[in-house]
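Chain by chain, the residues:
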Amino acid sequence: MPLVDIPGSKSVTARALFLAAAADGVTTLVRPLRSDDTEGFAEGLARLGYRVGRTPDTWQVDGRPQGPALPEAEVYCRDGATTARFLPTLAAAGHGSYRFDASEQMRRRPLAPLTRALRDLGVDLRHEAAEGHHPLRIEAAGVEGGEVTLDAGQSSQYLTALLMLGPLTRKGLRIRVTDLVSAPYVEITIAMMRSFGVEVAREGDVLTVPSGGYRATTYAVEPDASTASYFFAAAAVTGREVTVPGLGRGALQGDLGFVDVLRRMGAEVEVGADRTTVRGTGELRGLTVAMRDISDTMPTLAAIAPFADGPVRIEDVANTRVKECDRLDACAENLRRLGIGVATGDDWIEIRPGTPAPAEIRTYGDHRIVMSFAVAGLRTPGISFDDPGCVKKTFPGFHEAFGELAAGWGIPFAGA
């Protein structure tokens, strides 16, 4: 039974870095993810004047409840959405002049709902080019707090940023949410804030966060459930078995729910206290599934869908159009390149069964497109990628780990 050691969660690592920077004292993060995104986040904190000490297995962050140490700073957020959304929010709670910019890919991704909410809270914030996008400048003077309304229909990260800001405001925050995608990610945020000493109250679509700050702690980062989805899917599509330790019934991440989709398709799934096993049965059934709450795993399902015995229809995934790329269209285009019949709508994709032919996958620089179609490559030798290295965003060693798994199963796999 192959055991796969999945790197730490990107989502959890990014939140932990924010909370550690905001906490009173020194926080130790155990087994944080080391990737382009998280290194960019840590570098951004350092640019703002926070001390981040990094060893291979632990990072230590000296918290500053009063905000960035430097009165002026420029931060480049690379391709990281969490960096680009969380760090300006953290800086707003301090005092100084801070400019944030990002890659062309990240510049295209929307920020407007978050920056509108920050402005409603009195933050002096200016977009320097396109309204609602990077680059932006903040003239920070602390945040009073109070009531604010937020549209989180494009990304749950907007709500997470405001929730984490709440304890740093003078009066706390009362956030009314008008729409919300990827709700399990908000549950991660609330659980992690509790670990740093803050309780969030929730009543319907209103969340209340007290002022008073965070306390430093030692925090272990669990493996990334979105990344685990590729290994679980690999077992299901090849009729093999894989176990991921560190992800079980107590996992924070909603994307572990992807194994329930595989179960519905015919795989055997065991979720233990601290590990999850998926066993392929040689059967992969078609289905219709809404993936609004686990939309980062939509491409994983799309890539294995051709091997099902009937159509696979994925619904309620409009927010995947504003990720690193338009993932819904990217999946459709690449499946067609493989010779598979596909139909799409604004928020859905339907994939018909077929035998994929070898082709080069157009990745759009999106790590999840590469890792998803690598799974299809276990059944279709000859699949290649125009940018295999973009996996460095979340899992620099992906191709090696995936190749090692395939070799252990006796499956030829060309990888990158």
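## Let's talk about the pattern of salt bridges
Where charged atoms from two side chains of opposite charge come close, those side chains can pair.
Reasoning step 1: Throughout the structure, instances matching the rule amount to 40 salt bridges.
Reasoning step 2: One salt bridge in this structure joins Arg119 and Glu131, with 2.7 Å as the shortest N-O distance. Remark: Glu131 occurs in the loop between strand E7 (124-127) and strand E8 (136-141) and Arg119 occurs in helix H5 (residues 112-120); sequence separation between them is 12 residues.
Reasoning step 3: Its relative accessible area of 53% is what places Glu131 among the exposed residues.
Reasoning step 4: Residue Arg327 pairs with Asp366 through a salt bridge whose shortest N-O separation is 2.8 Å.

## Section: the pairing of E7
Reasoning step 1: The alternating pattern of E7 places Leu125 and His127 on a buried face, while none of Asp124 and Arg126, on the opposite face, is buried.
Reasoning step 2: As paired strands, E7 and E8 are joined by four bridges and run antiparallel to one another. What sits directly across from Arg126, in E8, is Arg137.

## Some remarks on helix H3 (residues 81-92)
Reasoning step 1: Between the first and last C-alpha of H3 there are 17 Å, a value that for 12 residues agrees with the 16 Å anticipated at 1.5 Å per step.
Reasoning step 2: Most of H3 sits out of view: 12 of its 12 residues are buried.
Reasoning step 3: When H3 is considered as a whole, its buried residues turn out to be Ala81, Thr82, Thr83, Ala84, Arg85, Phe86, Leu87, Pro88, Thr89, Leu90, Ala91 and Ala92.

## A few points about the sheet that holds strand E11 (residues 201-203)
Reasoning step 1: The four strands lie next to each other as E9-E10-E12-E11, forming an open sheet whose pairing is mixed. A strand with exactly one partner marks an edge of an open sheet, and here the two such strands are strand E9 (146-152) and E11. Across the sheet, the axes of successive neighbouring strands diverge by a mean angle of 20 degrees, strand direction being ignored.
Reasoning step 2: Pairing geometry for strand E10 (residues 173-180) and strand E12 (residues 206-209), over four bridges, is antiparallel. Bridged to Arg176 within E12 is Val206.

## Overview of the environment of Leu136
Reasoning step 1: Tracing the chain through its elements places Leu136 in strand E8.
Reasoning step 2: A relative accessible area of 0% means that Leu136 is categorised as buried.
Reasoning step 3: Once the C-alpha coordinates of Leu136 and Tyr98 are considered, the two residues, 38 residues apart in sequence, prove to be 8.5 Å apart.
Reasoning step 4: Beyond its immediate stretch of four places on either side in the chain, Leu136 contacts Pro88, Tyr98, Arg99, Phe100, Leu111, Thr115, Leu125, Arg126, His127 and Glu128.

## Notes on the pairing of strand E2 (residues 26-30)
Reasoning step 1: By the bridge criterion, five bridges tie E2 to strand E4 (residues 58-62) in an arrangement that is antiparallel. Along E4, the bridge assignment pairs Val30 with Thr58.
Reasoning step 2: When E2 meets strand E14 (residues 218-220), the two strands line up parallel, connected through three bridges. When the sheet's bridge partners are listed, Thr28 is paired in E14 with Thr218.

## Structural notes on the nonpolar core
Reasoning step 1: Membership of the largest hydrophobic core comes to 74 residues, with the highest contact counts inside it found for Phe100, Leu159, Leu162, Leu163 and Tyr214.
Reasoning step 2: With nine residues, helix H1 (residues 10-22) is the single largest residue contributor to this core.
Reasoning step 3: If we ignore the near neighbours within four places in the chain, the residues touching Leu162 are Leu114, Ala117, Leu118, Leu121, Val148, Leu150, Leu173 and Ile175.
Reasoning step 4: In terms of nonpolar packing, the next biggest core, distinct from the first, is built from 72 residues, Ala303, Ile304, Phe385 and Trp409 among them.

## Structural notes on the side chain of Thr89
Reasoning step 1: Here Thr89 shows up in helix H3.
Reasoning step 2: Sequence-distant contacts of Thr89, defined by excluding residues within four places in its chain, comprise Leu114, Leu118, Ala161 and Leu165.

## Regarding the sheet that holds strand E15 (residues 241-245)
Reasoning step 1: Strands sit in the order E15-E17-E16 across an open sheet of three strands; the sheet is antiparallel. Because the sheet does not close on itself, it has two edges, and the strands there are E15 and strand E16 (268-271). Adjacent strand axes in the sheet meet at a mean angle of 10 degrees, parallel and antiparallel pairs treated alike.
Reasoning step 2: Of the strand pairs in this sheet, E16 and strand E17 (residues 275-279) are connected by four bridges, and their pairing is antiparallel. Residue Glu268 lies in a different strand from E17, and its bridge partner there is Arg279.

## Focus: the environment of Thr281
Reasoning step 1: Relative to the helices and strands, Thr281 resides in the loop between E17 and strand E18 (287-290).
Reasoning step 2: Distance from Thr281 to Ala42, taken between C-alpha atoms, is 42 Å for residues 239 residues apart in sequence.
Reasoning step 3: Apart from the residues lying within four places of it in its own chain, the contact partners of Thr281 are Gly239, Gly266, Ala267 and Glu268.
Reasoning step 4: At a separation of 2.9 Å, a polar atom in the side chain of Thr281 contacts the main-chain carbonyl oxygen of Gly266.

## Points about H1
Reasoning step 1: End to end, H1 covers 19 Å across 13 residues, agreeing with the expected 18 Å (1.5 Å per residue, within 8%).
Reasoning step 2: Counting buried residues in H1 gives 13 out of 13 residues, a clear majority hidden from the surface.
Reasoning step 3: Measuring from the backbone nitrogen of Ser11 back to the side-chain oxygen at the start of H1 gives 3.2 Å, which picks out Ser9 as the cap.

## What about the packing of helix H8 (residues 225-238) against helix H9 (residues 258-265)?
Reasoning step 1: As a packed pair, H8 and H9 sit with axes 10 Å apart at the nearest point and diverge in direction by 10 degrees. When the interaxial angle is binned, H8 and H9 end up roughly parallel. Of the residues in H9, those in contact with Ser229, Phe232, Ala233 and Ala236 of H8 are Phe258, Val259 and Leu262.
Reasoning step 2: Of the residues assigned to the contact of H8 with H9, the class counts are six nonpolar, one polar and no charged.

## Re the packing of H5 against helix H6 (residues 157-165)
Packed helices, taken two at a time, are described by their axes: the angle between them and the distance between them.
Reasoning step 1: Taken N-terminus to C-terminus, the directions of H5 and H6 make an angle of 30 degrees; their axes are 9 Å apart at the nearest point. Taken together, the axes of H5 and H6 lie roughly parallel to each other. With respect to the hand of their crossing, H5 and H6 are arranged in right-handed fashion. Two secondary-structure elements touch here, H5 through Pro113, Leu114, Ala117 and Leu118 and H6 through Tyr158, Ala161, Leu162 and Leu165.
Reasoning step 2: The class makeup of the residues in the contact of H5 with H6 is eight nonpolar, no polar and no charged.

Rules used in this analysis
- Think of each chain on its own: its residues are numbered from 1, step by step along the sequence as written.
- Totals for whole chains, interfaces and linings use every residue, but because this is a predicted model, local features are given only for residues with pLDDT of at least 70 and side-chain atom pairs only at 80 or more, for both listing and counting.
- Where side-chain values are given, they derive from all heavy atoms of the structure, hydrogens and water being excluded.
- When a carboxyl oxygen of Asp or Glu lies within 4 Å of a side-chain nitrogen of Lys or Arg, that pair is called a salt bridge.
- Secondary structure is summarised from DSSP: a helix means a run of H or I of at least four residues, a strand means a run of E of at least two, and numbering begins at the N terminus for each.
- Type-normalised accessible area, obtained with a 1.4 Å probe on protein chains alone, sets the label of each residue: buried when under 20%, exposed when over 50%, and partly exposed for intermediate values.
- Strands were regarded as paired on the criterion that DSSP finds at least two bridges between them.
- In this analysis, the expected span of each helix is defined as 1.5 Å times one less than the number of residues it contains.
- Axes here mean lines fitted to C-alpha atoms, for a helix over just the part in contact, with angles spanning 0 to 180 degrees between N-to-C directions.
- In this description, contact between two residues means that some pair of their heavy atoms is separated by no more than 4.5 Å.
- To form a nonpolar core, buried Ala, Val, Leu, Ile, Met, Phe, Trp, Tyr and Cys residues must be joined to one another through side-chain atoms within 4.5 Å.
- For the purposes of these results, a polar contact is taken to be a pair of N or O atoms within 3.5 Å, where, inside protein, one atom must be able to donate a hydrogen and its partner to accept one; residues adjacent in sequence count only when each atom of the pair is a side-chain atom.
- In what follows, roughly perpendicular refers to angles from 65 to 115 degrees, roughly parallel to angles under 35, roughly antiparallel to angles over 145, and oblique to any angle outside these ranges.
- Under the grouping applied here, Gly and all other residues not named as nonpolar or charged are polar, the nonpolar ones being Ala, Val, Leu, Ile, Met, Phe, Trp, Tyr, Cys and Pro and the charged ones Asp, Glu, Lys and Arg.
- Two helices cross in a left-handed way if the nearer one is turned anticlockwise from the farther one by less than a right angle. They cross in a right-handed way if the turn is clockwise.

None of the figures reported here should be taken as evidence of function without further support.
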